[in-house]
Amino acid sequence: MSEILLRLIPIFGLFAFGVLARRRAWFDERDARQMLTIVLWFAIPALILSSVTRLTLEPDLMFLPVSAALILVLSWPVAVFLGNQLALPTRSLGVFVISPMIMNLAALYPFVLAVWGAEGFGRFALFDLGNSIVVFTLTYALACLYGGRVDDIRGIGLRLASFPPLWALAVALLLNRWDMPLPDTLNHWLHTLGSAAILLVMIALGVHIHPRLSLPLPAVLAIALRVVLGSGIALALVVLFDLQGIDRLLVLIGAMAPAGFNVLVFAAREGLDSELAAAIVSTNLLMAVIYVPIFLFITMLVSIRNSGGPDVAIGSRLFSYTHLPLP
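Residues numbered from 1 in each chain as written. Predicted model: local features only at pLDDT ≥ 70, side-chain atom pairs only at ≥ 80, totals over all residues. Heavy atoms only, no water.

Colleague: So what exactly am I meant to see when it comes to helix α10 (residues 217-240) here?
Modeller: Residues separated by three or four positions in an α-helix point in the same direction, a consequence of the helix having 3.6 residues per turn. Taking 1.5 Å as the rise per residue, α10 with 24 residues should run 34 Å; its terminal C-alpha atoms sit 33 Å apart, in good agreement. Where α10 bends most, at Leu225, the angle is about 30°. At the exit of α10 stands Asp242, carrying a positive phi of roughly 55°. (Helix = DSSP H or I, 4+ residues; strand = E, 2+ residues; numbered from the N terminus. Expected span 1.5 Å × (residues − 1). Bend = angle between axes of the 7 residues up to and from the residue.)

What follows is the structure, given as structure tokens:
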């Protein structure tokens, strides 16, 4: 238990610094977007290259991106049904439908890296592949549809093709397939610098937080669909695919991700209800900072109970109940 606390304290410290920086006007949302740009264009690709190139690719790994895609796709009809029951106007209905279909996995990368190390990060990048493909195809197409534009196929393709982590993942998978690992020195620098830069996510999240005392019912239901329904689908998928070990935990924690910032981006771009989008994204983000660590603590407690020891090594060597060998 003490080890996981030590690993998470810096993450919470940076988040708190982001909140303080916003209150003191040291940073604003423009600065936060620049931080996330650094993470998107450098930190995540660097960590993908350093981890996926050395990941042992197994046939079962295909279930990670498939699981992420199914979580989003299966949330779609439920969101449409509930949105129609609420009789929402088209602009608000569009936000309500796409919110459960965009997982903010970038917000979870620091936690994944801290708890499961490079191997966990590489596997989580594969999970993110399924998320990204659905977000920049089906989800964005739905945003265009509800915004009155159904002919932006070229725009959808450009957004998917210009997503840096996807390029990094494609290169890493090819290098892995051809058995061409990166030189040790380069791999070390990519991992070290990427691990440092990924922590900018937590500062940016702290800057972006907008606590709200009350929420409209559509925002509450949209968050419930993203987290509760998503987690339920993930639980069914890990049983259906018989996922074990670290893969099981990554799918479960990935499904708990808050609604992504692209809800705001798509809403602004396609003329949807930006106020509802802001309420969903900001509130869900604040909630995730609370419930994700709770999930990790519960996982740790279960591992301690099952292993019978006072503490268990974390990192890429996981917990006894995941059927991975203990050190």
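Having seen the model, we can carry on.
Colleague: What exactly am I supposed to notice about the pattern of salt bridges here?
Modeller: Close approach of charged atoms allows side chains with opposite charge to pair. Counted by the stated rule, this structure contains three salt bridges. With a shortest N-O distance of 2.7 Å, Asp247 and Arg123 are connected by a salt bridge. One end of the pair, Asp247, is in helix α11 (residues 245-255); the other, Arg123, is in helix α5 (residues 109-146), with 124 residues separating them in the sequence. For the residue pair Asp247 and Arg123, the accessibility class agrees, reading buried in each case. When salt bridges that share partners are traced, they join Glu119, Arg123 and Asp247 into one network. (Salt bridge = Lys/Arg side-chain N within 4 Å of Asp/Glu carboxyl O. Buried < 20%, exposed > 50% of the residue type's maximum accessible area, 1.4 Å probe, protein only.)

Colleague: Even after reading the chapter, I still don't get the layout of surface pockets, so can you show me in this structure?
Modeller: There is about 810 Å³ of room inside the largest pocket. The wall of the largest pocket is formed by 32 residues, among which Leu40, Phe163, Phe261, Asn262 and Val265 lie closest to the centre. Looking at the lining of the largest pocket, the elements with two or more residues in it are α2 (29-52), α5, α7 (164-177), α9 (200-208) and α12 (262-270). If you tally residues by element for the lining of the largest pocket, the top one is α2, at eight residues. (1 Å grid on protein atoms, 1.4 Å probe; cavity = no way out; pocket = protein on both sides within 12 Å on 5 of 7 lines; lining within 4 Å. Points joined across faces, edges and corners; volume = space filled by probe spheres on them.)

Colleague: Honestly, a nonpolar patch on the surface in this entry has me stumped. Any pointers?
Modeller: On the surface, Ile38, Phe42, Trp189 and Leu193 cluster together into a nonpolar patch covering about 390 Å² of accessible area. Listing elements by their share of the nonpolar patch, those giving two or more residues are α2 and α8 (184-198). Topologically, Phe42 is positioned in helix α2. Under the relative-accessibility criterion, Phe42 is labelled partly exposed at 36%. (Patch = residues over 30% accessible without salt bridge, like charges linked within 9 Å, V, L, I, M, F, W, Y side chains within 5 Å. Areas by Shrake-Rupley, 256 points an atom, 1.4 Å probe, with all protein chains shown as cover.)

Colleague: How do you make sense of the environment of Ile48 when you look at a structure like this?
Modeller: Relative to the helices and strands, Ile48 resides in helix α2. We classify Ile48 as buried; its relative accessible area is 2%. As a C-alpha pair, Ile48 and Ala172 span 124 residues in sequence and 7.0 Å in three-dimensional space. Filtering out sequence-adjacent residues up to four positions away, Ile48 remains in contact with Thr53, Phe121, Ala125, Pro165, Ala168, Leu169 and Ala172. (Contact = heavy atoms within 4.5 Å.)

Colleague: I would appreciate a short explanation of empty space enclosed by the protein in the present structure.
Modeller: In this approach the atoms are scanned with a rolling probe the size of a water molecule, which exposes any empty space left behind. Enumeration over the complete set of coordinates arrives at two cavities of 30 Å³ or more. Looking at the largest cavity, its volume works out to about 50 Å³. What lines the largest cavity is Ile48, Tyr109, Ala125, Asp128, Leu129, Ser132, Phe163, Pro165, Leu166 and Leu169. Within the residue set of the lining of the largest cavity, elements represented by two or more residues are α5 and α7. For the lining of the largest cavity, the element with the highest residue contribution is α5, accounting for five residues. Here the residues of the lining of the largest cavity are counted per class, giving eight nonpolar, one polar and one charged. There is about 40 Å³ of room inside the second largest cavity. Taken together, Ala107, Leu108, Phe111, Met202, Leu205, Pro258, Leu285, Ala288 and Val289 make up the lining of the second largest cavity. Within the residue set of the lining of the second largest cavity, elements represented by two or more residues are α9 and α13 (274-307). A per-element tally of the lining of the second largest cavity places α13 first, with three residues. When its residues are assigned to classes, the lining of the second largest cavity shows nine nonpolar, no polar and no charged. (Nonpolar A, V, L, I, M, F, W, Y, C, P; charged D, E, K, R; others polar.)

Colleague: How should I be thinking about the packing of α5 against α7 in this particular structure?
Modeller: The packing of two helices is summarised by the inter-axis angle and the distance between the axes. Contact geometry of α5 with α7 gives a least axis separation of 11 Å together with a crossing angle of 130°. When the interaxial angle is binned, α5 and α7 end up oblique. In this structure, α5 meets α7 at a crossing whose hand is left-handed. Contact with α5, carried on its side by Ala125, Leu126, Leu129 and Ser132, involves Leu166, Leu169 and Leu173 of α7 and no other residues of that element. A class-by-class count of the residues in the contact of α5 with α7 yields six nonpolar, one polar and no charged. (Axes fitted to C-alpha atoms, helices over the stretch in contact; angles between N-to-C directions. Parallel < 35°, antiparallel > 145°, perpendicular 65-115°, else oblique. Left-handed = near helix turned anticlockwise from the far one by under 90°.)

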